[in-house]
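# Results of the structural survey
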Amino acid sequence: MDVVATFGLTKRYGARAALRDLDLHVPAGRLFGFLGPNGAGKTTTLRLLLGLMRATAGRAAVLGRDPWHDGPTLRAEIGYLPGDLRLYERLSGRETLAFLDAVRGRRAGAELRRLVERFELDLSRRVGAYSRGMKQKLGLIAALMHRPQLLILDEPTTALDPLVRATLYEELRAATAEGRTVLFSSHTLAEVEELCDEVAILRDGRLIEQERIAVLRQRAVRHVHVLFRPGPPPPDPPPGLTVAERRPDSLRGAWRGPLEPLLAWLAAAPVQDVAIAPPDLQDLFLAYYADENGRAA
Amino acid sequence: MNLALFRKTLRDARWLLIGVPLGVLLFDVAAIRVLIEGARDLEFLRQWLERPLVQLLVRTALGADFAGELTPTVLVTFAFVHPLFLALLYTLLLAMTSNALAGEIGRGTADLLLTLPLSRSTVYVTTSLAWALVAAGAAWLPLPGLWLGEQIFQPASRLEYHRLWPVALNLMALTLGVGGVAMAISGAVSRRGLAIGIVLAGLLLSDIVHFVAQFWAAVRPLRVVGVMHYYRPLPTVRAATPPWGDMAVLLGVGLAAWLAGWWHFRRRDIPAA
């Protein structure tokens, strides 16, 4: 079952389309990366899924419900961390969480205490006196404390130090292990590659790819560097090898796809040394990010 | 209605909820003192009040002339329309209404509030209940303030409270009416300053029309758009009964605006801060 499904979801601000015909499907229990450059429409999509905005066209179903019409009951099962988190500066951390828990019906209890301990947050201070990282921790605890079925996190690792980031990753992995779903927006490729099972890539308000990370890895290029022994020239490289630089004694290029043809060619060639790098998703993502003219978005 | 949000709305305004009532009470205590001082030379006061410009101002503010009737209860009506008193009342009202929605959106905390399992209607109604309760209560504050002043200064003649409570009731309708409009504007815009600015500009314009209509016949038909046209303490004190018609207009306009604001707030996009 898809926890999030959108069908031709479109959002316009006057003449400008922030999101165009988005067909997104997030299966249950996934750690789903939502990737795209700034202004690609990620935050607009998340706001539509939360019922903060109404779609110009198309529709969305979150946990099988319409976020615009079924907002309150739906949001009881969603934990959300905004990209630009703003909190009640005059409340303390404890008062903030108590207010949010009270509105949710005081169900957090033990989970709230566990998360506060896990993220090592001092709740006695006023939020206004918190550092950015502490505010982000508070926002994460608020999003996680009611054990939601769907976590929507808009660039959650902003301002987090590596240790807290690792704690967050563990919490998110634990959530998906329990069958809960995480929709994780980011523009950091390495983060999504490390954490997510599946990714959707947005550019200029359009979905340009949705695929499992494992499949993308197969599509990603491997950088190949071959040194040849002196002697007769090697046979022509197989069609899958994009040659970047070729000399009589060496070759640099990029390989895409299964390795067998490449290995067969190397076996037949007078190879002195070879280096084949792991699949590089960075190049793949940058290719997705580039516009029709090849410029990076 | 959500109790946690109701408490938070009141808590957000806690310093104003302490300061404004205190200010109103002190103002009314001072008003009794001024009344006692004025009564020392009633003839001078009578002559001063008969000056044309003063009469115009009295008519504008109180809705009628004193016409030589200078009893303490009649004179104290100025305390119900004094700019300082109205400024205190409007400060409390506008601070609460503008903070409830436009403030949340402008600060970005609406992303937190409106992604909780609360409908927008619940947010609108709950925050409205909080300011409406405060506004309704604040309108009655002059009565204990004046009573306190009497206890402190012991004037020779006492106020007739059975003539003053209808003014407080009329004032309550005024605060609820203005609050309804202010809430609708707060739900329609995304910046607190803008919400306050629109309401203040509207009130100022309405007061200018009301004032000009006192001496310019061509503008007189427009006085019905003036808020103060429906809040006239002097005729109310004389009649000693609430001005039900004026109150119905104030409450009707406030309710209509509030309902329109509710309708709009439920449908609008909430932009990122």
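Residues numbered from 1 in each chain as written. Chains lettered and ligands numbered in written order. Predicted model: local features only at pLDDT ≥ 70, side-chain atom pairs only at ≥ 80, totals over all residues.

With 19 residues of chain B in contact, the opposing surface of chain A contributes 21 residues. Classifying every residue of the side of chain B that touches chain A by side-chain character gives 10 nonpolar, five polar and four charged. (Contact = placed C-beta atoms within 7 Å. Nonpolar A, V, L, I, M, F, W, Y, C, P; charged D, E, K, R; others polar.)

Residues and elements named next belong to chain A. Mapped onto the fold, Pro-239 is located in the loop between strand S11 (221-228) and strand S12 (241-247). C-beta crowding within 10 Å serves as the criterion here: with 8 such atoms nearby, Pro-239 is assigned to the exposed category. In sequence terms Pro-239 and Leu-31 are 208 residues apart; their C-alpha atoms lie 35 Å from each other. (Helix = DSSP H or I, 4+ residues; strand = E, 2+ residues; numbered from the N terminus. Buried ≥ 20, exposed ≤ 12 C-beta atoms within 10 Å, placed from the backbone.)

With that out of the way, let us pick up helix H4 (residues 52-62) of chain B. Residues and elements named next belong to chain B. Of the residues making up H4, those classed as buried are Val-58, Ala-61 and Leu-62. Projected onto a plane normal to the axis of H4, the buried residues spread over an arc of 75° and lie on a single side. Counted as exposed and oriented over 90 degrees from the buried face of H4: Pro-52 and Leu-53. Close packing links the buried residues of H4 with helix H3 (42-49) and helix H12 (233-239). Backbone geometry just downstream of H4 places Gly-63 in the positive-phi region, at approximately 90°. (Arc of directions from axis to C-beta.)

For the rest of this paragraph, the subject is the pairing of S12(A). All names here are of chain A. Here S12 runs beside strand S13 (residues 250-256); their pairing, made up of six bridges, is antiparallel. Across the sheet, residue Glu-245 finds its bridge partner in S13, namely Arg-252. Connecting S12 to the next strand, S13, in antiparallel fashion are two residues. (Pairing = 2+ DSSP bridges.)

Moving on, we come to the pairing of strand S14 (residues 271-276) of chain A. Residue and element names in this part refer to chain A. Little of S14 sits out of view: just zero of its six residues are buried. As defined by bridge partners, S11 adjoins S14 across five bridges and the pair is classed as antiparallel. For Val-226, the partnering residue across the bridge sits in S14 and is Val-274.

Time to look at the confidence of the model for chain B. Confidence along chain B averages 93 in pLDDT terms, with 100% of residues attaining 70 or more. Of the two predicted TM-score estimates for the complex, the pTM is 0.88 and the ipTM is 0.86. (pLDDT = per-residue confidence, 0-100.)

Another point: the sheet that holds S12(A). Residues and elements named next belong to chain A. A sheet is described by the order of its strands in space; here four strands give the open sequence S12-S13-S11-S14, paired in antiparallel fashion. Both edges of this open sheet fall to S12 and S14, since each of them pairs with a single strand only. Averaged over all adjacent pairs, the angle separating strand axes in this sheet is 15°, with direction ignored. As judged from the seven bridges shared by S11 and S13, these two strands associate in the antiparallel manner. Residue Arg-222 lies in a different strand from S13, and its bridge partner there is Trp-255. (Axes fitted to C-alpha atoms, helices over the stretch in contact; angles between N-to-C directions.)

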